[in-house]
Amino acid sequence: MTDTHSPLPESVWERCFAPLTGYPRLAVAVSGGPDSMALLHLLRCWTESRGDSAEITVLTVDHGLRPESASEAAVVADIAGEMGFTHRTFRWEPDTTEASGIQARARRARYDLMARYCHEAGIPALLTAHHLDDQAETLLMRLARGSGLDGLAAIPSRGDWAGIAIHRPLLDVPKARLIATVAAAGLPYAKDPSNTDSRFERARLRKEQAALQALGLTPEALALAAKRLSRARAALDEAAAEFMASAVRLSCAGSAEVDGVRLRDAPDEIALRTLQRLVAMTGGRQEPVRLAKFETLLDDLRADHAAARTLGGCRIVAGSGKLQIARELRRDGIAELILQPGERALWDNRFVVSLADTAESPVTVRALGEAGARDLADRTPWLNDIPRFARFSLPSCWRNQALVSISCEGLEPDAVRADDTFNARFVHLWDEVGS
Ligand SMILES: Nc1ncnc2c1ncn2[C@@H]1O[C@H](COP(=O)(O)OP(=O)(O)OP(=O)(O)O)[C@@H](O)[C@H]1O
């Protein structure tokens with residue numbers, strides 16, 4: 001990819017999209033800016049060039065932060081429609097009392113909304129249009145923060161959000177090429193003024209482009225460094241996954257049990273990754289947790305000082321040679337949701353809950369709670385296989401204030417099954433961790 005200012009040729013986009021082969025359905029995140037409009041156009045070229053390509057759904061989040069945002073979403077909807085793709089717009093209502101971190105909150109809300117929709121629609125993967133210049137900027141920003149290996153490896157080409165695979169097929173492509181691609185395709189695109197607003201770190205960095213390039217810190221060189229570091233990150237992730245396969249028991253009920261002796265003896269990097277991973281999987285992706293907190297946890301475990309604690313939405317309890325991790329039931333509870341017959345939804349970023357269309361009426365899904373868990377302990381044998389505290393945050397299904405099911409896919413039917421039209425499936429990665 002030496003010519004950085006011409007449209008992307010077929011040989012290149014075919015290679016970019018190769019990892020997407022085999023998905024029956026794909027969602028693509030399109031803001032209406034040049035990068036994601038280029039991705040949309042290339043995806044159309046790709047689907048046209050293949051007889052058996054995936055069904056595409058285009059997703060736009062209207063953050064309502066600029067007056068033009070609704071009309072920009074409408075333009076994306078029109079273009080997606082002309083291409084023969086389904087389109088959905090989600091409106092985000094920001095909490096205006098919170099003054100800080102609007103970009104980070106918008107980003108989190110965006111991924112949550114899109115992942116939720118993907119679960120409802122049965123779409124396993126979401127594409128975003130991150131590119132080489134995004135990668136280079138991310139590396140520089142992380143350097144400035146003193147990030148470690150994971151941070152410096154920057155944006156992964158393949159990630160995960162609440163059980164949905166995230167693919168970034170254009171990560172090796174310079175932004176200028178995407179602009180040339182979208183221009184050659186004759187597609188309109190929106191300009192986001194926050195890209196040049198000096199209140200934001202990324203925009204400040206862009207203003208220093210010339211100075212950085214003069215020092216040899218070109219986007220290509222930075223992205224290459226990130227790519228090399230990402231190989232090291234991938235190797236460590238793989239080693240951690242192997243460790244987890246033999247030292248972790250992950251329950252279909254969404255809790256994890258780790259062999260405490262093996263965790264203490266594991267290399268720091270592997271033990272830390274295991275803890276981070278399990279907290280992210282079982283904790284419903286609450287606020288991001290700083291690495292330093294995991295380092296303290298590991299030190300305490302090794303020094304036998306690890307009393308029960310909470311971290312990242314989880315409760316972590318050490319004892320009898322094991323470590324148990326499960327979603328914490330906080331005082332402010334876990335949000336409930338109402339499920340209509342025939343509906344499927346993501347609950348607490350952990351379980352895909354569904355109600356068969358034969359169900360007689362809607363149900364409410366909520367955490368089982370302490371009283372419910374006590375009541376069921378003798379009647380539902382698998383409950384005894386998971387830690388007591390992990391039972392409180394299990395998905396339970398209620399109708400008219402009566403508990404009708406706590407069915408978890410992969411476990412024996414429960415004793416309360418007054419209704420067998422409800423199902424809950426833990427969203428996280430069976431094949432990577434022993435269950
Ligand atoms: N409002 C939006 N609606 C739909 N997709 C969006 C929206 N904003 C961003 N995206 C998707 O995310 C990609 C990256 O955009 P941007 O760099 O602004 O997002 P980000 O989420 O902050 O990035 P990161 O995930 O690296 O933090 C876009 O190319 C697009 O695919």
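Please read these numbers as outputs of a predicted model, since none were measured by experiment.

When you look at the layout of surface pockets in this model, what are you seeing that I'm missing?
With a probe scaled to a water molecule rolled over the atoms, the places where space remains empty come into view. Reported here for the second largest pocket is a volume of approximately 210 Å³. The wall of the second largest pocket is formed by 14 residues, among which Arg 249, Ser 251, Cys 252, Ile 386 and Leu 411 lie closest to the centre. Mapped onto the lining of the second largest pocket, the elements with two or more residues apiece are strand E7 (248-250) and strand E8 (256-259). Partitioning the lining of the second largest pocket into residue classes produces seven nonpolar, four polar and three charged. Taken domain by domain, the makeup of the lining of the second largest pocket includes at least three residues from each of domain 2 (229-327) and domain 3 (337-432).

What should I look at first to understand unusual backbone geometry in this one?
Working note: non-glycine residues mostly have negative phi, and peptide bonds are mostly trans. Unlike most non-glycine residues, Asn 349 shows phi in positive territory, near 55 degrees. Residue position: Asn 349 is located in the loop between strand E13 (344-347) and strand E14 (351-355). Located in the positive-phi region is Gln 401, a residue other than glycine, with phi close to 65 degrees. Residue position: Gln 401 is located in the loop between strand E16 (395-399) and strand E17 (402-405). On the accessibility criterion, Gln 401 (64% relative accessible area) is exposed.

I would appreciate a short explanation of the nonpolar core in the present structure.
Side chains of nonpolar character tend, in soluble globular proteins, to be buried together. Grouped together as the largest cluster of nonpolar side chains are 59 residues, with contacts concentrated most on Leu 275, Leu 278, Ile 325, Leu 339 and Val 353. Residue contributions to this core reach at least three from each of two domains, namely domain 2 (229-327) and domain 3 (337-432). Among all residues touching Leu 339, those that are not within four sequence positions of it are Arg 344, Ala 345, Val 353, Ser 354, Leu 355, Pro 362, Val 363, Val 365 and Phe 422.

Would you mind showing me how to read helix H5 (residues 132-144) here?
Working note: α-helix, 3.6 residues per turn, so residues spaced by three or four point in the same direction. Its 13 residues give H5 an end-to-end C-alpha distance of 19 Å, which sits within 8% of 18 Å, the value for a rise of 1.5 Å per residue. Burial analysis of H5 places 10 of its 13 residues in the buried class, the great majority of the element. Residues of H5 that are buried: Leu 132, Asp 133, Asp 134, Gln 135, Ala 136, Glu 137, Thr 138, Leu 139, Leu 140 and Met 141. Buried-residue contacts for H5 involve helix H6 (149-152), helix H7 (175-184), helix H8 (201-207), helix H9 (209-214) and helix H10 (219-247).

Can you walk me through the pattern of salt bridges in this structure?
Should their charged atoms come close, side chains of opposite charge can pair. Tallying each qualifying case throughout the model produces 21 salt bridges. In this structure, Arg 273 and Asp 150 form a salt bridge, with 2.6 Å as the shortest nitrogen-oxygen distance. Taken together, the residues span a long stretch of sequence, with Arg 273 in helix H12 (residues 268-282) and Asp 150 in helix H6 at a distance of 123 residues. Judged by its relative accessible area of 32%, Asp 150 is partly exposed. Note that Arg 273 and Asp 237 form a salt bridge whose closest N and O atoms lie 2.7 Å from each other. With Arg 273 in helix H12 and Asp 237 in helix H10, this pair connects stretches of sequence that are 36 residues apart.

I would appreciate a short explanation of the pairing of strand E11 (residues 322-327) in the present structure.
Moving residue by residue along a regular strand, the side chains alternate between the two faces of the sheet. With respect to burial, E11 is a largely interior element, five of its six residues being buried. Across four bridges, the pairing between E8 and E11 is antiparallel. Counterpart to Ala 256 in the pairing with E11 is Ile 325. In this structure, strand E10 (residues 314-319) lies alongside E11, joined through six bridges in antiparallel fashion.

Scoring rules and cut-offs
Just so you know, the residues in each chain are numbered from 1, in the order the chain's sequence is written. Owing to the predicted nature of the model, reporting of local features is limited to residues with pLDDT of at least 70; listing and counting of side-chain atom pairs is limited to 80 or more, with chain, interface and lining totals taken over all residues. The side-chain numbers reported here are obtained from all heavy atoms of the structure, hydrogens and water having been left aside. In this analysis the probe radius is 1.4 Å and the grid spacing 1 Å, with only protein atoms considered; a cavity is a set of points the probe fits into but cannot get out of, a pocket is an open set with protein on both sides within 12 Å along at least five of seven lines, and lining residues have an atom within 4 Å of a point. Grid points are joined across faces, edges and corners, and a volume is the space filled by probe spheres set on the points. Strands here are runs of E lasting at least two residues and helices are runs of H or I lasting at least four, both read from the DSSP assignment and numbered beginning at the N terminus. Following the grouping adopted for this structure description, the nonpolar residues are Ala, Val, Leu, Ile, Met, Phe, Trp, Tyr, Cys and Pro, the charged ones are Asp, Glu, Lys and Arg, and the polar ones are all others, Gly among them. Domain borders in the structure are assigned automatically or taken from a domain database. The classification of residues rests on relative accessible area computed with a 1.4 Å probe and restricted to protein chains. Under 20% of the type maximum is buried, over 50% is exposed, and intermediate values are partly exposed. We define the nonpolar core as a collection of buried residues of types Ala, Val, Leu, Ile, Met, Phe, Trp, Tyr and Cys that are connected through side-chain atoms lying within 4.5 Å of one another. Contact criterion: two residues are considered in contact whenever any of their non-hydrogen atoms come within 4.5 Å of each other. A helix is expected to span 1.5 Å multiplied by its residue count minus one. We define a salt bridge as a contact between a side-chain nitrogen of Lys or Arg and a carboxyl oxygen of Asp or Glu at a distance within 4 Å. A strand pair is defined by DSSP finding two or more bridges across the two strands.

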